[in-house]
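So you can see what is in the structure, the chains are spelled out below.
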Amino acid sequence: MKRYILNIYNKKQSLAMTSKISISNRAMGLFAIIAIVFSLYILKPLIMPLLFAMILGVMIFPVQQFFERRWKCSRIFATIFSIIIIFSITAILFLIIFIQLQGFVNSGEDYVIRITELYENIVNYMGDAFNISNSKVINNKDIKFDQLLKGNLGRVTVFISESGSFMSDLILVPIYLFFFLYYRRFLRTFAYKVFKNKTQSFVNTMINKIYNVQKNYLAGLLKVMLIVGVLNTITLFVLGIENAFFFGFFAALLLLIPYIGVIIGALLPTIVALATKDSIWYAFAVMGVFGFIQFLEGNFITPKITGSKVSMNSFIAIFSLIAFAMLWGISGMIVALPITASLKIIFDHTPGYEAYGFVMGEPVDALLQSKAKQRLKVWKTLRQEKANSRKS
């Protein structure tokens, strides 16, 4: 009897210890997550150039391979030359954008005058239509509408030219990119040593999958930008908006910032429409058509081109965008989807983390159907089998 009571007591003690250890492990896990997030937030100036270099490395690697295999160039020459080509194209693109935006800012005085006149006409019309006295209507002098526009137009190029982080990334990214491309076999060997309990074929498979996801995502994004840029340009050209080609493809380029980029891209041609057209309906037409193109891009174009290549459900995509935006701002939104897609592959191939990879993926149709519909489908299958058995 004493031994029985002692066994029960020992079992209770072991259960209590197990529960305490479990609670302690959960607390340590939560603390570790908080520490990692805090560290990522603090180390943004160090991490962001590395991430941009990795993403650009995926884009530049095919060019480097072309020089090494077709032209039989040495690795160091192929690396330097491919980086020079890509960054020269990028520099020309940013120079064109800067010149066009500078011209837009220089014309800001004319735009301010025209938009101010339009605003005053709308205020007077609203006052006459609803019998509101001038003292109750917010007029131009109260809100200093012209100074507001001038100040915001002037910040468009100042933000680009005086951003310290932008200038630091401009220096650090090419340096990191060079070493990522030049040391690629060395870094692959490092991965073998980190995952020494795994076979080299397993590590190669995981690396290749991550690389293919990044490459397909970037290639699909470029195709989406081209399609959206053409649609935007055609729309602005039909509406008779100045610099239709620039504004159309500038808005497409801002797709790098998901969901928010199209709003910024539509703002500039809307201002131009307000300032240069006789009717306010041109501005509404620009916003409406840009919104419709964004709808097509988000629901048809992007899922068709990149959806099958980056298997990630919409909830995780939106959640990652919000999380990375809170963590790293606009830069975080740019890298959110590539990082999340890479994490999904890592989770899929890491024992114990397969559930996280599953919840990040695209759900199968059977998990999205109602139980009644599933029963009806099973019933139809059984009925078809009975019909086939009777015929036989």
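Residues numbered from 1 in each chain as written. Predicted model: local features only at pLDDT ≥ 70, side-chain atom pairs only at ≥ 80, totals over all residues. Heavy atoms only, no water.

### A short note on the overall build of the protein
Piece 1. A tally of helices and strands in the protein yields 16 helices and 0 strands.
Piece 2. Sequence-distant contacts in the protein: of pairs separated by 6 or more residues, those separated by 24 or more amount to 69%.
Piece 3. As presented, the protein carries roughly 25,900 Å² of accessible surface, and 68% of it is formed by carbon and sulfur atoms. (Helix = DSSP H or I, 4+ residues; strand = E, 2+ residues; numbered from the N terminus. Contact = heavy atoms within 4.5 Å. Areas by Shrake-Rupley, 256 points an atom, 1.4 Å probe, with all protein chains shown as cover.)

### Some remarks on the packing of helix H10 (residues 244-253) against helix H11 (residues 261-276)
Piece 1. The N-to-C vectors of H10 and H11 enclose an angle of 155°; their axes lie 8 Å apart at closest approach. Taken together, the axes of H10 and H11 are roughly antiparallel relative to one another. Contacts between H10 and H11 involve Phe247, Phe250 and Ala251 from the former and Gly265, Leu268, Pro269 and Val272 from the latter.
Piece 2. Of the residues assigned to the contact of H10 with H11, the class counts are 6 nonpolar, 1 polar and no charged. (Axes fitted to C-alpha atoms, helices over the stretch in contact; angles between N-to-C directions. Parallel < 35°, antiparallel > 145°, perpendicular 65-115°, else oblique. Nonpolar A, V, L, I, M, F, W, Y, C, P; charged D, E, K, R; others polar.)

### Considerations on the confidence of the model for the protein
Piece 1. Confidence along the protein averages 78 in pLDDT terms, with 69% of residues attaining 70 or more.
Piece 2. Across the protein, element-level confidence peaks in helix H8 (residues 184-194) with a mean pLDDT of 92 and bottoms out in helix H5 (residues 140-143) with 48. (pLDDT = per-residue confidence, 0-100.)

### Quick word on the pattern of salt bridges
Piece 1. Summed over all chains, the structure comprises 3 salt bridges.
Piece 2. We note a salt bridge from Glu68 to Arg184, for which the minimum N-O separation is 2.9 Å. Residue Glu68 is located in helix H2 (residues 44-69), and its partner Arg184 is located in helix H8; the two are separated by 116 residues in the primary sequence. Of the two residues, Glu68 and Arg184, neither departs from the other in class, the shared state being buried.
Piece 3. Here the residues in one salt-bridge network are Glu68, Arg75 and Arg184, joined through shared partners. (Salt bridge = Lys/Arg side-chain N within 4 Å of Asp/Glu carboxyl O. Buried < 20%, exposed > 50% of the residue type's maximum accessible area, 1.4 Å probe, protein only.)

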